[in-house]
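Residue-level listing of the chains:
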Amino acid sequence: MYPFHQSKPDFYNRTFVSFGGEHKMRPMLHNSTDAYVITPATYKEDCDEVGLTFNDQEWTNYVLFCYYAPPYVFRLVPNFGTVKGGTNVTVIGANFKDKPNIRCKFGGKIVPGHFINSSSVWCITPQGNHTGYVDFGLAIVGDDFSGDNIRYLYTEVPIV
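Quantities reported herein were computed from a predicted structural model and do not represent experimental measurements.

Asker: Help me out: how do you make sense of the overall build of the protein chain in this one?
Answerer: Looking only at helices and strands, the protein chain has 1 helix and 14 strands in total. Projecting the C-alpha coordinates of the protein chain onto the three principal axes gives extents of approximately 80 × 35 × 25 Å. For the protein chain, buried positions account for 32% of its 160 residues. When contacts within the protein chain are restricted to residue pairs at least 6 apart in sequence, long-range pairs at least 24 apart make up 51% of them.

Structure (structure tokens):
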């Protein structure tokens, strides 16, 4: 038995990723187990089967890749609350989806989000580390947080 060796230039020239059988493109090979590719542009929310070949003949089992419109955050109501947390905040925006793992991020702290409709999500603020502004982010799918430069203001707890 002799070891098989494939020279990198030929290996690269015959490596492709296919999206839905229509788009065949070369990936960026990171190492022997990782390849990266920029997805084809689309204006529709849809799912495509994605496959990989190293010899331009035999393809891996296809996996499903889904495109979705990214969420846009327009504002928070209210956009301030005390550092003790616990403020119920409504996130106003567009392209929100009813997914099981919606998350809101206040500064570096992540809390569950709850779908209301395609333009509203609510979440409860976590305890803040200090007074002042923190960046806000919303993730509908995975770890893609979008906040569109929205900030939340933590204020002092009032003394009564």
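Asker: So what exactly am I meant to see when it comes to the pairing of strand β13 (residues 132-139) here?
Answerer: Working note: regular strand, side chains alternate between the two faces of the sheet. Along β13, 6 of the 8 residues are buried, which leaves the element largely enclosed by surrounding structure. Both β13 and strand β14 (residues 151-155) contribute to a ladder of 4 bridges, which runs antiparallel. Counterpart to Val-134 in the pairing with β14 is Tyr-152.

Asker: Please explain the confidence of the model for the protein chain as it appears in this structure.
Answerer: Parts of the prediction with low pLDDT should not have their coordinates interpreted in detail. Within the protein chain, residue pLDDT values average 85, and 91% of them lie at 70 or more. The low-confidence segment residues 1-9 (pLDDT under 50) makes 1 contact with residues lying over four places distant or belonging to another chain.

Asker: Which parts of the structure should I look at to understand the side chain of Asn-55?
Answerer: Position of Asn-55 relative to the elements: it lies in the loop between β5 (47-53) and β6 (63-66). Polar contacts involving the side chain of Asn-55 include one to the side chain of Thr-53, which spans 3.1 Å. At 2.8 Å, the side chain of Asn-55 forms a polar contact with the backbone nitrogen of Gln-57.

Asker: Where do I start with the nonpolar core in this structure?
Answerer: Core analysis: the biggest nonpolar cluster contains 19 residues, and Val-91, Cys-104, Phe-106, Phe-136 and Leu-138 have the highest contact counts within it. Looking at this core, the elements with two or more residues in it are β7 (72-77), β9 (88-94), β10 (103-106), β12 (120-124), β13 and β14. The contacts of Cys-104, once residues within four sequence positions are left out, are Val-91, Lys-109, Ile-110, Val-111, Gly-113, Cys-123, Phe-136, Gly-137, Leu-138 and Phe-145. With 5 residues, the next largest nonpolar core counts Phe-19, Val-50, Leu-52 and Tyr-67 among its residues.

Asker: What am I meant to see in the sheet that holds β6 here?
Answerer: Pairing between sheet strands relies on hydrogen bonds along the backbone, with the strands arranged either parallel or antiparallel. Taken together, the 4 strands give an open sheet; going across it, the order is β2-β1-β5-β6, and neighbouring strands pair in antiparallel fashion. What marks the edges here is a single partner per strand, and that holds for β2 (23-25) and β6. Shown here is a sheet whose adjacent strand axes are inclined to one another by a mean of 30°, direction ignored. Across 4 bridges, the pairing between strand β1 (residues 16-19) and β5 is antiparallel. Paired with Ser-18 across the two strands is Gly-51, which belongs to β5.

Asker: How do you make sense of the sheet that holds β12 when you look at a structure like this?
Answerer: On the basis of which strands lie adjacent, the open sheet formed by 8 strands has the order β7-β9-β12-β11-β10-β13-β14-β8 and mixed pairing. Only two strands of the sheet have a single neighbouring strand rather than two, namely β7 and β8 (80-82). Strand after strand, the sheet turns through a mean of 35° between neighbouring axes, direction not considered. As defined by bridge partners, β10 adjoins strand β11 (residues 109-117) across 4 bridges and the pair is classed as antiparallel. Considered in β11, the bridge of Cys-104 is made with Val-111.

Thresholds, definitions, all that
- Residues numbered from 1 in each chain as written.
- Predicted model: local features only at pLDDT ≥ 70, side-chain atom pairs only at ≥ 80, totals over all residues.
- Heavy atoms only, no water.
- Helix = DSSP H or I, 4+ residues; strand = E, 2+ residues; numbered from the N terminus.
- Buried < 20%, exposed > 50% of the residue type's maximum accessible area, 1.4 Å probe, protein only.
- Contact = heavy atoms within 4.5 Å.
- Pairing = 2+ DSSP bridges.
- pLDDT = per-residue confidence, 0-100.
- Polar contact = N/O pair within 3.5 Å; in protein donor to acceptor, adjacent residues only side chain to side chain.
- Core = buried A, V, L, I, M, F, W, Y, C linked by side-chain atoms within 4.5 Å.
- Axes fitted to C-alpha atoms, helices over the stretch in contact; angles between N-to-C directions.

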